[in-house]
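The lines below spell out each chain.
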Amino acid sequence: MKEYQVVLITENVKNEMEILDQSIWKNANCLTDFSSPWNTDLVSKIEFRALWNTENLYFNFRVFDADIYIDEKDNSIDSIGNSDRVELFFRVNDSLNPYYCLEIDTSARLMDFEAKPDKDFDFSWKWPKEDLSITASKDEVSFTVEGQISIESFNKLNLIQNNIIEAGIFRAKFSKDENQNYEPTWISWVNPNTETPNFHIASSFGKFKLMK
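Predicted, not measured: the structure shown is a model, and the values here were computed from it.

Rules of the game
Residues numbered from 1 in each chain as written. Predicted model: local features only at pLDDT ≥ 70, side-chain atom pairs only at ≥ 80, totals over all residues. Heavy atoms only, no water. Helix = DSSP H or I, 4+ residues; strand = E, 2+ residues; numbered from the N terminus. Polar contact = N/O pair within 3.5 Å; in protein donor to acceptor, adjacent residues only side chain to side chain. Contact = heavy atoms within 4.5 Å. Core = buried A, V, L, I, M, F, W, Y, C linked by side-chain atoms within 4.5 Å. Buried < 20%, exposed > 50% of the residue type's maximum accessible area, 1.4 Å probe, protein only. Phe/Tyr/Trp six-rings, centres within 6.5 Å; stacked < 30°, edge-to-face > 60°.

## Some remarks on the side chain of Glu47
Item 1. Note on placement: Glu47 falls in strand β2 (residues 46-52).
Item 2. Engagement of the side chain of Glu47 in a polar contact is seen with the side chain of Lys45, the distance being 3.2 Å.
Item 3. Of note is the side chain of Glu47, whose polar atom sits 3.1 Å from the side chain of Arg49.
Item 4. Excluding residues within four positions of it along the chain, Glu47 makes contact with Cys30, Leu31, Thr32, Asn60, Phe61, Arg62 and Phe64.

Spelled out as structure tokens, the structure:
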């Protein structure tokens, strides 16, 4: 399994909506090896960073793409599911029974749900609001989605084992096809080796190692 080392923050940080100061993010390992195994087109560069301390796991996506599509008809699951977004999945083990999904679009709308094998999704389940904060921003060349998730909530869900969190990191990019319809390109950190796009499979996960 691919492994990403999550650096421990040693200095005090404020738990505010801006999540972390940019000077602290410089301590994080930068993950860039994303691809779309089902599409031969080049994908925009993605930089993923994570840090942690005894209170929170902090994450930061910067996607170098200014051509963003958002379905703004409402704030429903369907609307978020039809928008450019980044995704984090966390599982207890490779049985995927259960695993937990956080899908966040470029305006910080969240689709969170519990899942079980064969795409059995429970959209009534929500990550506790007090344990999760998310922000999003844009500039001329990129968009950024960052957040913090409490370590307590990971432990309650049995998602940390021997300082390892088994996780998937993904992106959905929507572009117009020849019929002027928006269709997704699916981008993943780990190649799940499936014939068609599928993130909801054990082979799409890697490991976050929480460094001491």
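## A short note on the nonpolar core
Item 1. In terms of nonpolar packing, the biggest core is built from 47 residues, with Phe48, Phe90, Trp127 and Phe208 touching the most fellow members.
Item 2. When near neighbours in sequence (up to four residues on either side) are disregarded, Trp127 contacts Phe90, Tyr100, Leu102, Asp112, Leu132, Ile149, Ser153, Phe154, Leu157 and Leu159.
Item 3. If you look at the next biggest cluster of nonpolar residues, it comprises eleven residues, including Ile80, Phe89, Phe113 and Phe170.

## Here we look at the packing of aromatic side chains
Item 1. One pass over the full model with this rule turns up 24 aromatic pairs.
Item 2. Each ring, one from Phe113 and one from Phe123, has its centre 4.7 Å from the other, and the planes form 50°; the classification is tilted. With Phe113 in strand β6 (residues 110-116) and Phe123 in the loop between β7 (120-122) and β8 (132-138), this residue pair connects regions lying ten residues apart in the sequence.
Item 3. Residue classification places Phe123 among the partly exposed residues on the basis of a relative accessible area of 30%.
Item 4. Ring geometry for Phe170 and Phe199: centres 4.0 Å apart, planes at 10°, overall stacked. With a gap of 29 residues between them, Phe170 in strand β10 (residues 164-176) and Phe199 in the loop between β11 (182-188) and β12 (206-210) connect regions that are remote in the sequence.
Item 5. With relative accessibility at 1%, the residue Phe170 sits in the buried group.
Item 6. Looking at Phe199, the relative accessible area reads 6%, which means it is buried.
Item 7. Every member of this aromatic cluster is reached through a ring pair, and the members are Trp38, Phe89, Tyr99, Phe170, Trp186, Phe199 and Phe205.

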